[in-house]
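# Chain and residue survey
Spelled out from the first residue to the last, the chains are:
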There are 2 protein chains.
Amino acid sequence: MSVQGYNPRTGEPFGEPVEATSDGEVDRLCEAAAGAFQIWSEWTAADRATVLDLVADRLDDESELLISTADSETALGLPRLTTELKRTTNQLRLFAEVLREGSYVEAMLDSPNPDIIPPRPDLRRVLRPMGVIAVYSASNFPFALSTVGSDTASALAAGCAVVVKAHSAHPNTSRETGRVVTAALKEGGAPDGLFSVIYGTQSGVRLVQHPHVKAAGFTGSVGGGRALYDLANSRPDPIPFYGELGSINPTVILPAAAADRPEEIAKGFAQSVTMGVGQFCTNPGLVFAPESIVEPLAAAVADSTGGAMLNERMCHSYRSTVEAMANSDLVQVVATGTAPDEAWAGTPSLFKVSLDVFVANLEKLTEENFGPAGLVVTYDDPETLLALLHRLPGTLTGTVHASDSEHELAGRVAAELRKIAGRLIYNGWPTGIALAWAMQHGGPWPATTNTIHTSIGVPGIYRWLAPVAYQTWPDALLPPELQDANPLGITRRRDGILGKH
Amino acid sequence: MSVQGYNPRTGEPFGEPVEATSDGEVDRLCEAAAGAFQIWSEWTAADRATVLDLVADRLDDESELLISTADSETALGLPRLTTELKRTTNQLRLFAEVLREGSYVEAMLDSPNPDIIPPRPDLRRVLRPMGVIAVYSASNFPFALSTVGSDTASALAAGCAVVVKAHSAHPNTSRETGRVVTAALKEGGAPDGLFSVIYGTQSGVRLVQHPHVKAAGFTGSVGGGRALYDLANSRPDPIPFYGELGSINPTVILPAAAADRPEEIAKGFAQSVTMGVGQFCTNPGLVFAPESIVEPLAAAVADSTGGAMLNERMCHSYRSTVEAMANSDLVQVVATGTAPDEAWAGTPSLFKVSLDVFVANLEKLTEENFGPAGLVVTYDDPETLLALLHRLPGTLTGTVHASDSEHELAGRVAAELRKIAGRLIYNGWPTGIALAWAMQHGGPWPATTNTIHTSIGVPGIYRWLAPVAYQTWPDALLPPELQDANPLGITRRRDGILGKH
């Protein structure tokens, strides 16, 4: 068994096949990772930060090879992949900064009080890394959500070891990235086995069930994610499975905004819905809008160009869904863009349906169609729309376009979208994420398997950390984060109050 | 169908049977809770705090009836139940304080920066309540982990609605507590349906599968917890299930400590292992000790008194496990305490086994035996013991007794215990918890279903909160926690730094 990369522009094989990882080899790598974890988890945060910076630098050093390999396997294009690799290395650098700042361990100290009920002993709590983390790469971000993407970066930062299951659509990119990361970790003095990459579907099945694996991160389809999630939960000792599975990203265009700036909104929409050939988790595929703006939206999509999709399966799935919608009595085709003459090309498409037909076919019309397609749901009365929004499936993002005169209505839309979405955008578009503490990339099922987590942004590190409390321990035996003198100078919560104390 | 309470001292029925809640009624209560959530979740934290204080006061007002009812149904005794009710009301008051302090919402604000890759828009993140929470009461803490215990208190504080499944061993206590809480919530102006209590096994099965329920809290057995956990995970939309299931709480007595203060340690152990007739999740049932301290430990246990256990099933299970151990070739009975002549009495017992026999029968000898029984594992060489500790099952606590001369060794024991335990105690005992930010009551499976969570202590509130991020929103439309001027004056993380800004 082996994993073969393909060039989506030609449909031809790219590079040599990569051998699928055997069960025995998965076990050996998990053992090695568990050993490396014992060492790495005892490093200081500042020392781990130095290594993360080094990994980032070495990836940048080899950017030419990495980007050209990824372009051959994903057809995402050099400009996009150049930005994505930079985002990936900046993500590592951001986590290095977070480690140096140090307060991410959420140190909490409570002083003893024998006079309350129940009496309180000296208690000190800190977050500690959990162990070996399984990371499942995404197809659509060969760098930023793959081998050394946000799951891997946050897990290594936390002090965990990582075994990455490579995505079958870019084995060569995974192998080259893995090679650079492994060499950089070695150069930085990290323990052998801290990071490894495995290949083939069965290796991923074995991985999530391995006793040494303590949690998993996943970005991909609802089907694949649910299968692995169920395996994680059915272990004798279940583990947290943080999956980002699917999202329809509703956008609400309010009446005055549609009237005030139809061209601007239409242009922004077409750009967002076709970005990366629509292969974004945050693709705004569902738009609620007044009829008046349908024509500008259609014109913008008709003007747009598609491209080769990430793999054959995805392309076929997209094409057949678009075809089924075009032949359906429920919706109406309002625009079709163009596409280059490439093997697995996807063409932008825009459909239209009225709000009442949409409501009557809610489940069918809220299935995610991964690719550059949009569905405009036309509404007359914002009140009817407001009553519907909370019934949409869980989603990563919700977007509102409003004019200054519509603030009150925009606030009410936000209150409804908040029930189903993890990030709310005002007069912007959901594609494009930021590297920041306040970034939230998660939401109610199926956006993510766990409403509480985010898979992008600094708080993603909390997926791999678990609290431990020390009760009445001698100061010298405590981790430095918890010692009385606060030798690391970090912000801690002491007797309930946050401060550098 | 109905649920009948019993007096464990006599084995006779106590009070009138309480009618089991029908599926239809569970559905109706979940609907009502979802409606109440829409209102309660929009209250300010300070207003919710006022209501929590009121609930605490009203429970204290009715303490005489509540305590006497609980004593009749649990036989835990008036002194213990008086303290436990006070702990329960103080828990509500602590969450009220947390709400007033306000920083628990973890507000994060990042300012825009167009010059980085990827560019960063204005992003602001805050935690919001999740919805209706299912709470499953524990048998062993009829107040502190039941109707209005730590799950309910933290969920109401978070802004969630709660449906409590009463424990079948104390239906009258649940009903009386529920009555007081419902009346106090009404008096405080909270919306109808915010809190309700249901009865009977089937009602709990229905509850965890109800579409309106967004997360669950549970304290109980591995069997019952796993069954509900599997139901939560097999929903079309899985929900987080925070269960606290079972814990063996290993204690390590180091050689010099055993030599220096055998009587003190033995007395402390006997008190901790028989507290509440051994029916504590944190009961230190497994002790690693030098042979020299076995005699004092045995003498202390022989001197101790048991009592009526919480229910017939628990008593029979305890007695048959003790009998099986007494008849086993593996372990040796070294002490038996006394017990009052009560229907469901459990008698303290202490067993002994050598480290090598223990290691050879690890799985069998690390099963939790809920009740006042302990197993002493005698060791000669601390190094052999150190190599074993990480192989123990996940547990809530790990305890070390050391003398001042053994600090280095104690530190190494802690490093091993940290791999399997959520709270580490030095020269103390694990029974007894504190109400504090730094309290951790959780650990690797089966201690809790989710390594990251705690079911006691302030951070328990995070089980019921999920982040939402606002991107480029007008300041006036943001929740006050995220507005530029910081009108609530809370500590926030702004551009990565914690402060009142």
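Every value quoted in this text rests on a predicted model; they were computed, and no experiment measured them.

### Regarding the relation of the copies chain B and chain A
- Once chain B is rotated about the relating axis by 180° and shifted along it by 0.0 Å, it coincides with chain A to within an RMSD of 0.0 Å. The superposition operator between the copies reduces to a two-fold rotation axis.
- The overlap is high: 100% of the interface residues of chain B also sit at the interface in chain A, so the same surface is used on both sides.

### Some remarks on helix H3 (residues 63-74) of chain B
Residue and element names in this part refer to chain B.
- Across its 12 residues, H3 extends 16 Å between first and last C-alpha, which sits within 8% of the 16 Å expected from 1.5 Å per residue.
- All of the buried residues in H3 are Leu66, Ile67, Thr69, Ala70, Glu73 and Thr74. Looking straight down H3, one finds its buried side chains confined to an arc of 165°; they lie on one side.
- Next to the buried residues of H3 lie strand E1 (2-7), strand E2 (12-19), helix H2 (45-61), helix H4 (78-101) and helix H6 (171-187).
- A positive phi of about 60° marks Ala75, the residue just after H3.

### Regarding the interface of chain B and chain A
- If you look at the interface, chain B gives 64 residues, while chain A gives 64 residues.
- Listing elements by their share of the side of chain B that touches chain A, those giving two or more residues are H4, strand E3 (108-110), strand E4 (123-129), helix H16 (407-417), strand E18 (421-426) and strand E19 (465-471) of chain B.
- With 6 residues, E19 of chain B is the single largest residue contributor to the side of chain B that touches chain A.
- For the side of chain B that touches chain A, the per-class residue count stands at 33 nonpolar, 19 polar and 12 charged.
- In terms of strand pairing, strand E19 (residues 465-471) of chain A meets E18 of chain B through 3 bridges, oriented parallel. Across the sheet, Ala469 of chain A pairs through a bridge with Arg423 of chain B, a residue of E18 of chain B.

### Points about the sheet that holds strand E7 (residues 195-198) of chain A
Residue and element names in this part refer to chain A.
- One open sheet accounts for 5 strands, arranged E7-E6-E5-E8-E9; its pairing is parallel. Two strands close off the open sheet at either side, each with one partner strand: E7 and strand E9 (241-244). Along the sheet, successive strands turn relative to each other by an average axial angle of 15°, direction set aside.
- Two elements, strand E5 (residues 132-136) and strand E8 (residues 213-219), share 5 bridges in a ladder whose sense is parallel. Its bridge partner being in E8, Val132 is matched across the sheet by Val213.
- Sitting on the sheet, helix H1 (residues 23-40) touches E5, strand E6 (161-165), E7 and E8, and the angle it makes with E6 is about 150°.

### A closer look at the pairing of E7 of chain A
- Side chains Phe195 and Val197 of chain A of E7 of chain A all project onto a buried face; the interleaved residues Ser196 and Ile198 of chain A project onto the opposite face, where all are buried too.
- Once you follow E6 of chain A into helix H6 (residues 171-187) of chain A and on to E7 of chain A, the crossover reads as right-handed.

### Some words on the confidence of the model for chain A
- Per-residue pLDDT for chain A averages 97, and the proportion of residues at 70 or more is 100%.
- Across the whole predicted complex the pTM is 0.97, and at the interface the ipTM reaches 0.97.

### Overview of the nonpolar core
- Core analysis: the largest hydrophobic core is formed by 331 residues, its most contacted members being Ile133, Cys160 and Ala216 of chain A together with Ile133, Cys160 and Ala216 of chain B.
- In this structure, Cys160 of chain A is in contact with Phe37, Pro129, Met130, Gly131, Val132, Ile133, Ala155 and Trp464 of chain A, ignoring residues within four places of it in sequence.

### Digging into the domain arrangement of chain A
All names here are of chain A.
- Parsing chain A into structural domains produces domain 1 (24-100 + 129-245 + 451-465) and domain 2 (250-426).
- Taking only C-alpha atoms into account, the centre of domain 1 sits 32 Å from that of domain 2.
- Of the residues belonging to the side of domain 1 that touches domain 2, the class tally is 3 nonpolar, 3 polar and 2 charged.

The rules behind the values
- Residues numbered from 1 in each chain as written.
- Chains lettered and ligands numbered in written order.
- Predicted model: local features only at pLDDT ≥ 70, side-chain atom pairs only at ≥ 80, totals over all residues.
- Least-squares fit on C-alpha atoms with pLDDT ≥ 70 in both.
- Contact = placed C-beta atoms within 7 Å.
- Helix = DSSP H or I, 4+ residues; strand = E, 2+ residues; numbered from the N terminus.
- Expected span 1.5 Å × (residues − 1).
- Buried ≥ 20, exposed ≤ 12 C-beta atoms within 10 Å, placed from the backbone.
- Arc of directions from axis to C-beta.
- Nonpolar A, V, L, I, M, F, W, Y, C, P; charged D, E, K, R; others polar.
- Pairing = 2+ DSSP bridges.
- Axes fitted to C-alpha atoms, helices over the stretch in contact; angles between N-to-C directions.
- Right-handed = clockwise from strand over helix to strand, strands pointing away.
- pLDDT = per-residue confidence, 0-100.
- Core = buried A, V, L, I, M, F, W, Y, C linked by C-beta atoms within 7 Å.
- Domains from an automatic or database assignment.

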